[in-house]
Amino acid sequence: MTERDVDNLDIFFDAARRQVPDPSPDFMQRVLDDALAEQRRLAGRKAPRRAGPGRLRQFVAAIGGWPAVAGLATASVAGLWIGVNPPSVVSMTAEAYLNSGADAYLVDLAPDFQFDVAEG
């Protein structure tokens with residue numbers, strides 16, 4: 001758009017600002033009637049019920065909040081690590097406990113499966 005076109009548009013905008021028409025009383029009455037009808041319609045409605053806290057939020061609150069969740073997560077990871085790669089003391093204790101009976105024995109279901117932490 002060139003500057004000449006903008007000047008031509010300004011003439012029309014200035015004319016429209018000088019001759020602002022007032023809305024007719026009939027139009028204003030219809031707008032107010034519609035607004036009052038809408039207010040009456042909404043006044044008969046009940047307020048929407050606010051949803052309560054979700055199940056996760058309820059569970060976290062029941063066990064003591066996020067610090068308790070962090071403690072449970074840490075204990076779970078530690079238990080998983082000890083279960084997968086037990087220290088020799090745990091293995092010896094488990095063997096001694098399970099071999100105490102006549103028919104009890106300790107079975108390694110995956111003898112070739114190892115976690116090599118120190119491998120380069």
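Structure: see above.
Residues numbered from 1 in each chain as written. Predicted model: local features only at pLDDT ≥ 70, side-chain atom pairs only at ≥ 80, totals over all residues. Heavy atoms only, no water.

## Structural notes on the overall build of the protein
When you go through the protein residue by residue, the secondary structure sums to five helices and zero strands. Accessible area of the protein: about 11,400 Å², with a carbon and sulfur share of 61%. (Helix = DSSP H or I, 4+ residues; strand = E, 2+ residues; numbered from the N terminus. Areas by Shrake-Rupley, 256 points an atom, 1.4 Å probe, with all protein chains shown as cover.)

## Some points on the environment of Ile 63
Assignment of secondary structure puts Ile 63 in helix H3 (residues 55-63). Take Ile 63: its relative accessible area is 29%, and that puts it in the partly exposed class. For Ile 63, the residues in contact, after removing those within four places along its chain, are Ala 68, Val 69 and Leu 72. (Buried < 20%, exposed > 50% of the residue type's maximum accessible area, 1.4 Å probe, protein only. Contact = heavy atoms within 4.5 Å.)

## Some points on the pattern of salt bridges
Within the structure shown, the criterion is met by three salt bridges. Between Asp 14 and Arg 17 there is a salt bridge whose closest N-O contact spans 3.1 Å. Taken together, the residues span about one helical turn, with Asp 14 and Arg 17 both in helix H1 (residues 3-18) at a distance of three residues. What makes Arg 17 exposed here is its relative accessible area of 58%. (Salt bridge = Lys/Arg side-chain N within 4 Å of Asp/Glu carboxyl O.)

## Remarks on a nonpolar patch on the surface
Nonpolar side chains collect at one region of the surface, where Leu 9, Phe 12 and Phe 13 lie side by side and expose about 320 Å² of accessible area between them. Within the secondary structure, Phe 12 sits in helix H1. (Patch = residues over 30% accessible without salt bridge, like charges linked within 9 Å, V, L, I, M, F, W, Y side chains within 5 Å.)

## Examining the environment of Phe 59
Here Phe 59 is to be found in helix H3. Among the residues examined, Phe 59 registers a relative accessible area of 48% and is labelled partly exposed. Taking C-alpha positions, Phe 59 is 9.8 Å from Val 69, a pair spaced 10 residues apart along the chain.

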